[in-house]
Amino acid sequence: MERPPPGKVEDLATLAKLDEKVLLDELKIRYYNNDIYTYVGDILIAVNPFRDLGIYDDQTSNLYNLAKKTELPPHIFAIADSAYQCMIGHGGRTPENQCILISGESGAGKTESTKLIIKQLVELCHGNTQLEQQILQVNPLLEAFGNAQTLMNDNSSRFGKYIQLQFHNGQVLGAKISEYLLEKSRLVHQGSGEETFHIFYYMMAGLPKSKQEQFCLTAADKYRYLACGTAGVSKDKESSKKKYDELLNALDLVGFTDEEQYDMFTMVTSVLHLGNITFEEDDKDASYIPEMAPVDVVAKLLGVDSQDLAGTMTSIVTHTRGEQVTRHYTKQQAEEARDAVAKILYGRLFGWIVNKVNQLLAPTHIVPHSEQREIGILDIFGFEHFEKNSFEQACINLANEQLQYFFNHHVFKQEQEEYSREGIDWKEIKFVDNQPLLDLFLGRPLGILTVLDEESKFPRATEKTLVAKFNEKFGKVAYYKPAQSSKDSRFTILHYAGQVTYSGEGWLEKNRDTLPPGVMEMLQSSNNALVKSIFKAQVTRTGSLAFQGRQSTRKTRKGHRPSLEAARKRKLTVGGQFKNSLQVLMERMTSATPIFIRCLKPNHVKAPGSFDMKYIQQQLLYTGMLETTKIRREGFAVRPSFEDFVNKYKVILCKPTLAGTRDNCIKILKATGIKGWQVGKTKVFLKYYHIDEIADVLETMGKSAITLQRIARGFLGRRQAARRKEVARQQAQKVAELLSQIDGLSMKLISQQQTVLQNDKNIPQSFFGRPDSVLIEGPPPPVPDFPYRDLSSIGGVSLTSSDKRDYLQPKTFADSATQASDSEEDEISDDEFIPVPSTQHPGHKMASVRWFQETQATQIYDPSQQNFIAEWFHGVISRRQSEMLLKEKPTGTFLIRVSESRFGYTLSFRAEQRVRHYMIDQLRNKKFIIVGESKVHKTLKDLIEYLKDNKLSNWDGYLVEPCGQKSNYESGECDYGELVNERFYFTLEEQIKRQKTGKQRAMRESSRPLPPPPENWQTPPLPDRNYSLAKDMERDVSKRPLPPRPAEAYQRLLHNQTGRRSAFKEAQHNVYAPKKK
Ligand SMILES: Nc1ncnc2c1ncn2[C@@H]1O[C@H](COP(=O)(O)OP(=O)(O)OP(=O)(O)O)[C@@H](O)[C@H]1O
Ligand SMILES: [Mg+2]
C-alpha cells in the first residue's frame, strides 16, 4: 500500500517507517491543516488548537453516529461514538462498560474534551430529556466552583473528577460524579498572575446591587483573599457577568432551589469576609481582633455567634482538673485558624454541591444491575510544574503518574506478558515503566505519603524535619534528588513527565488539614440550614461528603467498637484520602474497558497556530507515544478467549452450536478473510482494526439474512393469506345461507303475526271484558349518573398524609442519621441515591389533576382576569384540539395546555405554516424549562414573557397574543373545568396567603411577586360560562363555592339520554307492541 502524503495519515499506527521525527512531522502538518485529531490505533491524540475550529456542530455530530471509525476523519466525537457502540454492544460486540481516560498537561484540553464527549454521548442516545440537559450543565456548574486561572491555563481544573454516565437500553438513566482533592489552599493564597476560583469573580460581576448589599459586599480590591486576583474582577466584567447568569441558569436547570442557591452564595461570600479578619498581638503574644466588623458580618452570614467565632480563631479552651483554661493563639496561629475555617467552609460547600448534583441526577427508576451499562470519563488536573511547587502539585503529579502507570500497564505490560504466556510470535517493545515513581510516593512502609503521615503526627515537626526525613529515607532512590544544602527545604522528583522541584513548606499543615478546636461544633449549631447540614455530614475515606451516614461494609473486627480516641487517631490525612481515592479510581478503571485520549499542548503561551516542536516532542517522549504507536501497529489490542470468540462469531459459520475450541476459532477467522491475526493457547489475538473488519462481515451476513427472511416470510405470509381467504370464503357462504334461512323464517313469522292480528280483530271486545290497552309500561330506565360525579369525589375528599406525597421533591437527606464528628470518617461510605418507586405516576389523568391542583395553582393565576385564570391557560386538551383552536389565529398566538402523560405542560402556538408544540417540563426545584432549550424560568408567566422578546432555538418568531377559550370551544364548557375545582381555589388561596405572610428572605422572593388577592377574594368569580352550583358537591373543606357546573351541558345530556330512550322505546313498540288505536 502506498504511503499517504505527509499530513494525510489519520492513523499513525499504519505507518511503515516509524520514528520520533516522522510522528512529529505528521502531527505538525496536520495541526497547521486544522486536523487536530490523529489516531494511534485505538488511541486518540488531540492537539489543543486554542481557537474555535467550528468542528463540533450538529452536522459533524450526526456524521459520527454509529459510524465506522475508518470511514471518517479522526475526531473526539468518534471516540464518544466508539465508546457508545461498545457500551450498547453494536456490531456483534458484547455490551461492556467503558471508561474514557483523558490525560495531558495542564491546559492541554482535557476538560474541553470531556465536555465534547458528553455532548456527543447525549446526541447519540437521541436524548433531549431534562436529564440530559441537566448533565450537560453539570460541567459549567462545577467549573465555576472548582476551576481557576493559573499560569498554565485560564480555566484550570483545581480538582479531579470522574463522571459516570449510567445507561439502560442505550438511554441515559442517571449520572454520578466523584471529585478528587479540591485545591482549597488557592482560596487563601494565589501565586502571582493566578486567581482564586471563578465563582468569586462571577459573583462580584453578576450579583445585583441589592444582593451585594445583603451580603455586605463592596469593591473587589477590598478583599484580601482576592488580593492576587483582583485583575480577574476588572479584566472582563461583561464576560464574568454573563458567566454568572449562565451559572444561575445551570443551577436552576440541575435543580438547585432558590433557597439553596441563596445559601450557597452566602457561604461563598462569608469566605471573602473571613479573609478580611485581621489579628494583632498584645505584649503577651496573645492575639486579638482589632476590628470586629468583618467578624460580625461572617457570623451573620453563617448564622453563628460573633463572639464564638472570634473566640475559636484567637484562643483554645481546655479543661484541666475541672478548671477551664484559655490559651490565646499567637497572631500567626490565629491567621492559620482563620484560613483553616475558610478552607473547610469552601471545601465542604464544594463537596455538598457534588453530592447534591449526584442526588439530582441519580436514576429515578430501578433497573436491574445486569441491564445497566456505564461510560465513565476521567478528567483530572494535568501535570504541573511551576516555579514554586507545593503539596498540591505533588498530589496532582502523583495522580498523573498513576494514570500513566495504568496506561503503561494496560498498553504494554499486561499485553506483552500475555503474548509470552500464550506463546505468540512477538518481539518485545521496551517502554519506560514508572512503577518506581509510584512506589516512591505510595510505597509501604516507605513512601513519601507514609513518611508525611508519620511526621504529621508530631506537633513539633516542621518543614525542615520533614524534608530531612525525606532525604534520609529516599536519598538513594534514583528518582529522588535532595537539595544541595541540608538547610534547603526543597527536594526534586524525576517524574515521568519531567523533573519537578518541590518546596516542603506547608506540607504538614495541608496534610493534617486540622480545624481549630470548637469550630466544628460552632458550625454544626449554626442557624443557617445549609451550614448546619454540611458540617453534620461525614467525610468518607476518599474525602467526599456523605449525608446519609451509611456505615461502610468493610469488615471490622467482630464486636469491636472503636473508641473515640482510637478513631481520632485514625483520622485520615489529606494524603491518606487521596491515596484511597486513587485506589478506588484504579478499581473503577480496571473494571471497564479503557479508551485513551492523549491531549497535547502545542505551546506554553496558550496561543493558536503555534506548534512548538520541542515542547510537543517532550510530551510525546514522556507519554511514550512512539512505543505506543509501535505496539498498536504490531500488537494485538483485542484478545478474546476461544469461548468468547466462538460465541460471538459462530454465526459466521452458520453453526449455532459450536464448541469454543482453538480449531473452531481458526475456522471462523479463515472464513472472515481477515489477515494478521494469531491464535495463542487460550485466546485469539486480533489487531484493533480486526473488530471493525469482522463487524463488516457480520453486517453483510446480517443484510443477507434479512433478504432471506424477507423472501421466506413473504412466501409463508402469502400461503397463509391464501388459506385464510379460503376459510373466509367458506364462512361467508355459510353466513349467506343462514341469512337466507332467517329471511324465510321472518317472512313466515310476519305472515303468522298478521294472521293473529286479523284473528284478534275478529274477536268481539266483550270477549276480553277489559279496556283497550294490552301492554303496561314499566318504570323508565334510570337516567345515567351526572358525568362530573368523579370530579366531586376529587374535590370533596381531604388528602391523607400519604396522599400528600410531594412528587416533585427529591429524596431528602436523613439529617438525623449523620454524626457530628469527623472521627469515624474511614468507616463511612459514599451516599447512595436509590430511586423511590412512586405510586403517583404521571400518565394517569387523576395524578395529573392532583399534581396540578396541589402544586400549580399560582402558575395560572392572573388577577386581571375575571375568573383569575390566565387567558392562555387550557386544560388537558389534545394536540389536535389545540390545533383546532389556533388554526385560524394570527402567527404568534399561543396557549399552554396541561399534559396528561407527565407532570408538565405543552406550549402550542401558531407559526407561519403550522401549529408548533413544545413540551414544558417542571424541574425538581419547581421551575420551568422548554425541553431542549437551556433557559430556565421561574414561572409559566416568565416563560411566556421571555418568549415574547426572545426566540426559541428553532423558530424564528415571538409569542404575541394568548389564545383564550371564549367562542372557541363549541361545547360551551371550559376545557380546564376538571382542574379548577374547589381544591384549586383552596390551594391558590393558601399559597397566596403563605407568600404574603410567610417569612420571606429576599433571595427567595420570586422576581415577579404575585399581586395581593383582590378584596372580594372570599367569593372568587367563577369562569364565565353558564355554570350553576351543584348542591351535591358542597362537601367542600374550604367552604368555597364549587367550580362551574355546566347546567346547559347537563340538560343537553339529559335531553339526549331521554330522547334516545324514547326513540328506543318507539323502536321497541314498532316491533313488539301492537299499535294503539
Ligand atoms: N478542542 C478545543 N477547541 C478549542 N479550544 C480548545 C480545545 N481544547 C482546549 N481548548 C482551549 O484550551 C483551554 C484549556 O483547555 P482545558 O481547560 O480543557 O485544559 P485541561 O487539560 O483541562 O487543563 P487543566 O489540567 O489545567 O484543567 C480551553 O479553555 C480552551 O480555550
Ligand atoms: Mg481541566
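Position labels on residues start from 1 in each chain and follow its written sequence. Throughout, the order in which chains and ligands are written sets their labels, letters from A for the former and numbers from 1 for the latter. Reporting of local features is limited, given that this is a predicted model, to residues whose pLDDT is at least 70; pairs of side-chain atoms are given and counted only at 80 or more, and all residues count toward the totals for whole chains, interfaces and linings. Remark: hydrogens and water are excluded; side-chain values derive from all non-hydrogen atoms of the structure.

Enquirer: Quick question: what am I supposed to make of the packing of helix α1 (residues 20-32) against helix α24 (residues 613-622) here?
Expert: Describing two packed helices takes the angle between their axes plus the distance from one axis to the other. Put simply, α1 and α24 touch, their axes get as near as 11 Å, and they point 120° apart. Comparing the axis directions of α1 and α24 gives the class oblique. Crossing of α1 over α24 shows right-handed handedness. Contact residues: α1 offers E20, L23, L24, D25, L27 and K28, while α24 offers M613, I616, Q617, L620 and L621. In the contact of α1 with α24, the residues fall into seven nonpolar, one polar and three charged. To define axes, lines are fitted to C-alpha atoms, for helices over the stretch in contact only, and angles between the resulting N-to-C directions are given on a 0 to 180 degree scale. The helix and strand labels rest on DSSP assignments: H or I over at least four residues marks a helix, E over at least two residues marks a strand, and numbering proceeds from the N terminus. Orientation categories follow fixed angle ranges, with anything under 35 degrees roughly parallel, anything over 145 roughly antiparallel, 65 to 115 roughly perpendicular, and all other angles oblique. Handedness of a helix crossing follows the sense of rotation of the near helix relative to the far helix, less than a right angle counterclockwise being left-handed and clockwise being right-handed. Only heavy atoms enter the contact rule, under which two residues are in contact if any of them lie within 4.5 Å. Three categories are distinguished: nonpolar for Ala, Val, Leu, Ile, Met, Phe, Trp, Tyr, Cys and Pro, charged for Asp, Glu, Lys and Arg, and polar for the others, with Gly belonging to the last.

Enquirer: Is there a simple way to explain the coordination of the magnesium ion (ligand 2) in this structure?
Expert: Angles at a metal have ideal values that depend on geometry: 109.5 degrees with four tetrahedral donors, 90 or 180 degrees with six octahedral donors. Each metal's donors are the N, O and S atoms found within 2.8 Å of it, except that Na, K and Ca use a 3.2 Å limit; water is left out, so coordination can look incomplete. The coordination sphere of the magnesium ion (ligand 2) contains the protein donors T111 (OG1) and S157 (OG), at a distance range of 2.0 to 2.1 Å. Remark: S157 occurs in strand β5 (residues 156-157) and T111 occurs in helix α4 (residues 110-124); sequence separation between them is 46 residues. When sorted by exposure, T111 lands in the same class as S157, which is buried. For every residue, the accessible area (1.4 Å probe, protein chains only) is compared with the maximum for its type, and the residue is labelled buried under 20%, exposed over 50%, or partly exposed between those bounds.

Enquirer: What am I meant to see in the environment of T38 here?
Expert: In this fold, T38 is placed in strand β1 (residues 37-40). Sequence spacing of T38 and D11 is 27 residues, and the spatial spacing of their C-alpha atoms is 6.1 Å. Those residues in contact with T38, other than ones at most four positions away along the chain, are V9, E10, L12, L27, R30, I43, L44, I45 and P74. The term polar contact refers here to a pair of N or O atoms within 3.5 Å; inside protein, the definition further demands a hydrogen-donor-capable atom paired with an acceptor-capable atom, and it admits residues adjacent in sequence only when both atoms are side-chain atoms. A distance of 2.9 Å separates a polar atom in the side chain of T38 from a polar atom in the side chain of R30.

Enquirer: Would you mind showing me how to read helix α30 (residues 845-855) here?
Expert: Since one α-helical turn is 3.6 residues long, residues separated by three or four positions face the same way. Across the 11 residues that make up α30, a large majority, nine, are buried. Among the residues making up α30, those that are buried are A847, S848, V849, R850, W851, F852, Q853, E854 and T855.

Enquirer: Got a minute to help me understand the environment of T492 in this structure?
Expert: In this fold, T492 is placed in strand β14 (residues 490-495). In this structure, the C-alpha to C-alpha distance between T492 and S503, residues 11 residues apart in sequence, is 8.8 Å. If near-sequence neighbours (up to four positions away) are discounted, T492 is found in contact with Y479, Y480, K481, Q499, V500 and T501.

Enquirer: When you look at the sheet that holds strand β18 (residues 593-600) in this model, what are you seeing that I'm missing?
Expert: In a beta sheet, neighbouring strands pair by backbone hydrogen bonds and run either parallel or antiparallel. A pair of strands is labelled paired if DSSP reports no fewer than 2 bridges between them. Judged by pairing direction, the sheet is mixed, and its seven strands sit side by side in the order β1-β2-β18-β3-β12-β6-β7 without closing on themselves. Either end of the sheet is taken by a strand with one partner, and the two such strands are β1 and β7 (171-180). Across this sheet, the average inter-strand angle for adjacent strands is 20°, counted without regard to direction. Pairing between strand β6 (residues 160-168) and β7: nine bridges, direction antiparallel.

Enquirer: Would you take a moment to explain a nonpolar patch on the surface for this structure?
Expert: Here a patch means residues that are over 30% exposed by relative accessible area and free of salt bridges, tied together within 9 Å if like-charged and within 5 Å if nonpolar (Val, Leu, Ile, Met, Phe, Trp, Tyr). Areas reported here follow the Shrake-Rupley algorithm with a probe of radius 1.4 Å; residue values treat only the protein chains shown as occluding. The term salt bridge refers to a side-chain nitrogen of Lys or Arg lying within 4 Å of a carboxyl oxygen of Asp or Glu. On the surface, V735, L738, L739 and I742 cluster together into a nonpolar patch covering about 360 Å² of accessible area. Counting through the fold element by element, V735 comes out in helix α28 (residues 690-762). By relative accessible area, which is 44% here, V735 ends up partly exposed.

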